[in-house]
Amino acid sequence: MLDTLTRDEEHPSDCPSVEIAAYIDGELTADAETEFESHLSACRVCADELNIQKQFVNALNVSFDDIHEIPGDFTKRIVTHAESGVSGLRKAKERYNALFVCLGLFLFALFTLGASAPGAFATFFDVFMRVAAVLSFAGHLFYDISLGVIVIMRSIGGQPEFFSVAALIVVPIAILLAFRISHTRASREQGEYSESASSF
Amino acid sequence: MSSISAALSGIRELSDAELVSTAISGGEASFEELVRRYQRPIVSYVYRMLADYDLSLDVTQEVFIKVYNSLERYSCDYKFSTWLYRIAHNAAIDHLRRNSVNTQSLETENPNGAYELQIESSDPTPEKDRERSEWRKEIDIVVKRLPTAYRDLILLRHSRDLSYDEIAEVTGLPLGTVKNRLFRAREMMRGLLIERGIDGI
């Protein structure tokens, strides 16, 4: 049987040795397989090589059995290690619980710090109160203005003719006012210019 | 009790991809089933790569923990087994590199066959059983003497029954290199067997 394992010394170098292995493994494409088979029918050396390799591959395929002995608790050990890790899959409920605990600890730390040093948060609370007061004022102002505008718009919206009359009165007044303002500003600038010119 | 066994048998019928998705959505038993399915093949593959039984158990555990931690990143485009073997392959190669184990010294480390495989045997006659176990022992010795790159491919192909495409995915090698190296690895094995005076299969 030794000769079955020995490579043929006369094997020509242009014969597709690698293709023989792939052919046995069923890994050649359909085209390559057809081409190889036509070569095989004409090449006695390759046909012999194919038989040798096939025999060896068949023997090799049954040579590696799985390891029989695995510790009885191996599966449990792996699963426990995997689930106890910090990273990895975490259930949503577990995440919420962690968040809840962190929040509780943060509040607890805040209260204990506040209780042990009453002045510790004085500046922080002072700034916080001021910001809150400004925001509250701005909020009230915005609310009142919006409310006023809404009331006016509603009354105008109900009477279209009133809107046109009001527009007829308001628009000329606004134009006059704008003209007046720009005129006074221009004359003031002119006065300043003449003053500066006379100082030279 | 019957409902538990019914649930377990239900889990056993699920595909790998289904088990992954139920494990991600919180099914505790699903990951366990995946481990149960693949622990033996992975231990066998890693053991033959590293030639150390205890170490192969540790590395297998590492592999499954890595799998658990990255289950959410698993893409169903790949077969679960291919993905798993890729992680196992990387873990084994990393280990060999870290400990810079010389592949040629693997055999001499165990001159008395200290790591002799405990393999399953289903042969009916003791004589045939002995013949087969002799042959397997020789194959084990020869496989240990192969360079890591060749040993890896021989194991993935002949022990794990992976296709060339799957081997290319697992090892990250081009398909042509897989084909070429596998051929060279077999040639080397044949040469080594002849050196050892093996005259029969």
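Reading guide: rules and limits
Residues numbered from 1 in each chain as written. Chains lettered and ligands numbered in written order. Predicted model: local features only at pLDDT ≥ 70, side-chain atom pairs only at ≥ 80, totals over all residues. Heavy atoms only, no water. Helix = DSSP H or I, 4+ residues; strand = E, 2+ residues; numbered from the N terminus. Buried < 20%, exposed > 50% of the residue type's maximum accessible area, 1.4 Å probe, protein only. Contact = heavy atoms within 4.5 Å. Areas by Shrake-Rupley, 256 points an atom, 1.4 Å probe, with all protein chains shown as cover. Patch = residues over 30% accessible without salt bridge, like charges linked within 9 Å, V, L, I, M, F, W, Y side chains within 5 Å. Salt bridge = Lys/Arg side-chain N within 4 Å of Asp/Glu carboxyl O. Buried area = accessible area lost by both parts, 1.4 Å probe. Polar contact = N/O pair within 3.5 Å; in protein donor to acceptor, adjacent residues only side chain to side chain. Nonpolar A, V, L, I, M, F, W, Y, C, P; charged D, E, K, R; others polar.

What is the right way to look at the overall build of chain B in this model?
A tally of helices and strands in chain B yields 10 helices and zero strands. Secondary structure elements of chain B, listed N to C terminal, follow the sequence α-α-α-α-α-α-α-α-α-α. Counting over 201 residues, chain B shows a buried share of 47%. Residue pairs at least 24 apart in sequence account for 64% of intrachain contacts in chain B once pairs closer than 6 positions are excluded. When the accessible surface of chain B is summed, it comes to about 9,900 Å², and 47% of that surface belongs to carbon and sulfur atoms.

How should the environment of B:Leu19 be read in this particular structure?
Note on placement: B:Leu19 falls in helix H2 (residues 16-24). When sequence neighbours within four positions are dropped, the list of residues in contact with B:Leu19 reads B:Ile11, B:Leu14, B:Ser30, B:Glu33, B:Leu34 and B:Arg37.

Help me understand a nonpolar patch on the surface, please; the structure alone is not making it clear to me.
All names here are of chain A. Residues Val 165, Leu 168, Ile 169, Val 170, Ile 173, Leu 177 and Ile 181 make up a contiguous nonpolar surface patch of about 680 Å² in total accessible area. In this fold, Leu 168 is placed in helix H8 (residues 160-199). For Leu 168, a relative accessible area of 65% corresponds to the exposed category.

Even after reading the chapter, I still don't get the interface of chain A and chain B, so can you show me in this structure?
Reports of interface size often rely on the accessible area that becomes lost once the parts have come together. Across the boundary between the two partners, chain A contributes 46 residues, which contact 57 residues of chain B. Approximately 5,100 Å² of surface area, both sides summed, lies buried where chain A meets chain B, with 61% of it carried by carbon and sulfur atoms. Taken together, the links from chain A to chain B amount to six salt bridges. For A:Asp25, the salt bridge identified is with B:Arg157, shortest N-O distance 3.6 Å. The interface formed by chain A and chain B includes 12 residue pairs in polar contact (both at pLDDT 80 or more). Within the residue set of the side of chain A that touches chain B, elements represented by two or more residues are helix H1 (2-5), helix H2 (17-24), helix H4 (44-61) and helix H5 (74-84) of chain A. For the side of chain A that touches chain B, the per-class residue count stands at 22 nonpolar, 12 polar and 12 charged.

How should I be thinking about unusual backbone geometry in this particular structure?
In terms of backbone geometry, most residues other than glycine have negative phi values and most peptide bonds are trans. Residue and element names in this part refer to chain B. Positive phi, close to 60 degrees, is recorded for Ala 51, a residue that is not glycine. Note that Ala 51 resides in the loop between helix H3 (28-50) and helix H4 (53-69). Residue Asp 161 is not a glycine yet carries a positive backbone phi of 65 degrees. Within the element layout of this structure, Asp 161 appears in the loop between helix H8 (148-159) and helix H9 (164-171). The exposed category is assigned to Asp 161, whose relative accessible area is 60%.

What exactly am I supposed to notice about the environment of A:Glu49 here?
With respect to the helices and strands, A:Glu49 occurs in helix H4. Distance from A:Glu49 to A:Ala21, taken between C-alpha atoms, is 9.7 Å for residues 28 residues apart in sequence.

How should the side chain of B:Arg157 be read in this particular structure?
Residue position: B:Arg157 is located in helix H8. Of the residues examined, B:Arg157 reaches a relative accessible area of 12% and is grouped as buried. Engagement of the side chain of B:Arg157 in a polar contact is seen with the backbone oxygen of B:Leu162, the distance being 3.0 Å. In this view, B:Arg157 contacts A:Asp25, A:Glu27, B:Leu162, B:Ser163, B:Tyr164, B:Ile167, B:Leu182 and B:Arg186; residues no more than four positions away in its chain are not counted.

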